Amino acid sequence: MKEETAISLFEKYDLTRIISSSNAASMAVDLLVRQDAKRLLICMGSASANLPDSAFISFLRAMGCWKPEMTYCDNIPAEPATEDVRRIVKQMEQNDVEYVIAIGGGSVMDAAKAAYLSYQSKKDVTELFGVNKISSVTSASDFKRVICIPTTSGTGSEATPYSNIVDNESKVKKLIVEQAIIPQWAFLSPSFTKSMPLSLTVTTALDALVHSIESLLNNSSPDAPAEAEEWALTSISLIAENLPKAVADGNDLQARKALSEAAALGGMCITHRPTSLPHLASFSLYGKVTHGQAVAALLPGFWGYYIEEESVANATMKLAGIFSGEKETDASSVIESYKNFVRSVGGAPSPGELGLDKSLIEKISSDALLNPVKLQSSPRKINLDDASGVISGILEKAW
Ligand SMILES: [Fe+2]
């Protein structure tokens, strides 16, 4: 079974200890008790009152582990900004925090990850933007890392060195890439994600799906472990099989569990073989459509461009039969099956079908130059000099 495969893959992943179990809440508490954890800060989102994390808090209370030195930092918004991170850091300073638990979706986890490093390194969050700004001068092992309890199954932030934060000063979303923020532990349980509404279930699962597909296609990371391909294929199969089940019945806990595992596997994948043009283009759609819907719609156009590379066409053929149940005989047909799958779960496999106006092409293609790292990770090489023209040509065709 793919779920068992996922758990055995987690066991061999040494960057984050990932536990997937219906008992994850009590296992997280056990960990804190064993470590005699004191001065705990729990970071939560704005809808915290309705989140199933109460299961976790009630475990803490029931086991007599709820101590006065445990504090909350709630109302962490979607798309957290530098000011939100600074607010969390302040609370860490006031409480001399020793353990940080992030209970929420990608935004909460990203904010907690950035704040914990900012607090420990005594650097403002804006000084962390970029790649390994801290880990390049101080060993990543000198820093304590966050414990994550994801309440969505999409970003995979529970297993990545990434944190996306909106820079209040420039109003631009910026990325922190730091070995020192890869979560130490991640506890996955369907009880944490079952309250997700249908639309959030779909959009977060599509994000995870695109992470794993982009990673599978990305052959530009020679240092990535060989297992990354198996992580991607397992993640994609889990989503293809279980997203339709979760759409049909939100209380299907087995499907929920599989989607959580698929999302964590997607995080493992992009840690080593990062995303490229579809994610790059999605940055320009921030605030217009959800991130998962954006990347799912942008993927087919860029995928069609990538498959001119033989290695990408070969990687694509590893997905033959996964989306349609019938083995496709060429890479273009696999992309068509992906598009039909996205439609079948209520998504849109092109920006036009998503209702986006074609006038956005100009912005997307000019914004692309602001993020050369993502251009460099394209599986089909793209020159910085003609990147805007190439991207706009791809989008014109795919819109
Ligand atoms: Fe994403």
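Residues numbered from 1 in each chain as written. Predicted model: local features only at pLDDT ≥ 70, side-chain atom pairs only at ≥ 80, totals over all residues. Heavy atoms only, no water.

Novice: So, helix α7 (residues 198-217): which residues are in play, and what are the values?
Specialist: Taking 1.5 Å of rise per residue, 20 residues should cover 28 Å, and α7 covers 28 Å from first to last C-alpha, within 8% of that figure. Among the 20 residues in α7, 17 count as buried, and that is most of the element. (Helix = DSSP H or I, 4+ residues; strand = E, 2+ residues; numbered from the N terminus. Expected span 1.5 Å × (residues − 1). Buried < 20%, exposed > 50% of the residue type's maximum accessible area, 1.4 Å probe, protein only.)

Novice: An account of the domain arrangement of the chain is requested, with residue identities and associated values reported.
Specialist: With domains assigned, the chain is organised as domain 1 (2-191) and domain 2 (196-398). Taken residue by residue, the interface counts 26 residues in domain 1 and 31 residues in domain 2. Between domain 1 and domain 2, a total of about 2,500 Å² is buried, with carbon and sulfur atoms accounting for 68% of that surface. There are zero salt bridges connecting domain 1 and domain 2. Broken down by secondary-structure element, the contributors of at least two residues to the side of domain 1 that touches domain 2 are α1 (2-11), β1 (17-20) and β7 (162-167). In terms of residue count, the dominant contributor to the side of domain 1 that touches domain 2 is α1 (seven residues). (Domains from an automatic or database assignment. Contact = heavy atoms within 4.5 Å. Buried area = accessible area lost by both parts, 1.4 Å probe. Salt bridge = Lys/Arg side-chain N within 4 Å of Asp/Glu carboxyl O.)

Novice: Any details on the pattern of salt bridges? Residues and values, ideally.
Specialist: Applying the stated criterion across every chain, the model contains 14 salt bridges. Two residues, E98 and R39, come together in a salt bridge whose shortest N-O distance is 3.0 Å. Note that E98 is positioned in the loop between α4 (82-95) and β4 (99-104) and R39 in the loop between α2 (24-34) and β2 (40-45), a separation of 59 residues in sequence. E98 gets classed as partly exposed once you look at its relative accessible area, which sits at 25%. E336 serves as the salt-bridge partner of K339, at 3.5 Å between the closest nitrogen and oxygen.

Novice: Just give me the short version of the environment of A37, but keep the residues and values in it.
Specialist: With respect to the element layout, A37 can be found in the loop between α2 and β2. When the C-alpha atoms of A37 and T316 are compared, they prove to be 46 Å apart, with 279 residues separating the residues in sequence.

Novice: Go over unusual backbone geometry with me, naming the residues and quoting the values.
Specialist: Of note in the backbone geometry, E79 takes a positive phi value of approximately 50° without being a glycine. Relative to the assigned elements, E79 resides in the loop between β3 (71-76) and α4. If you check the backbone angles, K122 has positive phi at about 60° while not being a glycine. Tracing the sequence through the fold places K122 in the loop between α5 (106-121) and β5 (130-131).

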